[in-house]
Amino acid sequence: MKLNRRVFIGSSAAAATTLAAPTVFADGHGKPRVVVIGGGAGGATAARYIAKDSKGAIDVTLIEPTRMYYTCFFSNLYLGGFKEIDDLGHSYGGLAAGGVNVVHDWATGVDREAKTVALAGGGSLPYDKLILSPGIDFVDGAVEGWDLSAQNAMPHAYKGGSQTELLKAQLMAMPEGGTFAMVAPPNPYRCPPGPYERVSMVAHYLRANNPTAKIIVADPKEKFSKQSLFQEGWANHYEGMIDWIGADFGGGNVSVDPNAMTVTIDGEVTNVDVCNVIPAMKAGRIAELAGVTDGNWAPVNAADMSSKADGDIHVLGDAAHQGDMPKSGFSANSQAKVCANAVRGALTGSKIFPAKFSNTCWSLINTNDGVKVGATYEATEEKIAKVDGFISATGEAADLRRATYEESEGWYAGITADMFG
């Protein structure tokens, strides 16, 4: 089935359909209040659906520091020359028009006993239900020689926006025949195919603009998502350009020197011109401050994405430890609809539908050479559990690969409309 904007919104919204106008619940302070922290694929979707489906019966506030949200998904296509940075940027005007109170500020703390969220600007917001969708932060010391103070010299570009623009500028400034290095992250991390689509898009740019350049990938993993598809594509389109060094060959024994612009892999020092360091990841800081993390991630109940530490807090997307779903924009959007339906039901008495989840991750290897992997999931007592899945095959015909890429463009239009209205 060809996926387009209408099909995506219609099919994925089915679980959140309102059967009847909700009965308003009030507990002495007027409308029930939902505060959402983080305006990405999880948070924006949850805020929009709760406001829309409650028909104004719930007061919804979204806290997001940036006024323009740049998607991390599809940012690799900007690096490859298929997108402009403005194609990735989305404002919050549609959410505000849909009844969401959008507050551009940083959430700096959560008082679970008082049920309030502290803001960097000095204010405080009360909540009946709190939804955390803060995305990722990075694990300190994950890559020897690198920390956030080095992100201008060696960008991570794993949060959309200025970091993506910086990496593109560095790529464009590479000397002829130069070396681009990537330090890939260990599992689990945001968007499993993302680093390897990035390698493909960097190679696509270099093949056209700097064909004698080289790409080195130091990877702590023995295997990675869609590996056979990517490696087939690299051999077909970028032969001799990409050197992937996995765990078996020292890919996990890596240090960097941002001042000298060197990468040391299993004791061998290499001078590089651009170095994309993607460190180990953890839940966004506010989840830890709220006291809902256990280790690097926030455990949740699969049926409604509620925190296992606090039933009035829900955690979505990359920050959540939920089971089998990958950390992706599609996953966060899918989880947000389940959560929004559950929160609305809890606060207004409206019908709550059984939780169902889905995900697809598309990747572009070369012009019109798109591949995908995906699955459907259900909620069990233990986790979000995979039901069935699919993946592109090696050796597919060019017209099928083109159709897969076009499908991904339809999905992007659909999900961003679904997030921002």
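Residues numbered from 1 in each chain as written. Predicted model: local features only at pLDDT ≥ 70, side-chain atom pairs only at ≥ 80, totals over all residues. Heavy atoms only, no water.

> Would you explain the side chain of T264 in this entry?
Inspection of the secondary structure assignment puts T264 in strand β15 (residues 262-265). Of the residues examined, T264 reaches a relative accessible area of 18% and is grouped as buried. In this structure T264 touches N253, V254, S255 and V269, once residues within four positions along its chain are discounted. (Helix = DSSP H or I, 4+ residues; strand = E, 2+ residues; numbered from the N terminus. Buried < 20%, exposed > 50% of the residue type's maximum accessible area, 1.4 Å probe, protein only. Contact = heavy atoms within 4.5 Å.)

> Explanation requested: the sheet that holds strand β7 (residues 116-119) in the structure shown.
Hydrogen bonds between backbone atoms are what pair the strands of a sheet, whose relative direction is either parallel or antiparallel. Sheet architecture is open: three strands sit in the order β6-β7-β8, paired in antiparallel fashion. One side of each edge strand has no neighbouring strand; the edge strands of this open sheet are β6 (107-111) and β8 (124-126). Across the sheet, the mean angle from the axis of one strand to that of its neighbour is 20°, orientation sign disregarded. Two strands pair when backbone bridges link them, and β6 and β7 are joined in this way by four bridges, in the antiparallel orientation. Opposite V110, over in β7, you have V117 as the bridge partner. (Pairing = 2+ DSSP bridges. Axes fitted to C-alpha atoms, helices over the stretch in contact; angles between N-to-C directions.)

> I tried to follow the environment of V34 on my own but got confused; where do I start?
Mapped onto the elements of the fold, V34 is located in strand β1 (residues 33-37). On the basis of relative accessible area, V34 is assigned to the buried category, the value being 0%. The spatial distance from the C-alpha of V34 to the C-alpha of H90 is 23 Å, given a sequence separation of 56 residues. Excluding its chain neighbours within four sequence positions, the residues that come into contact with V34 are I50, I58, D59, V60, T61, K129, I131, V343 and L347.

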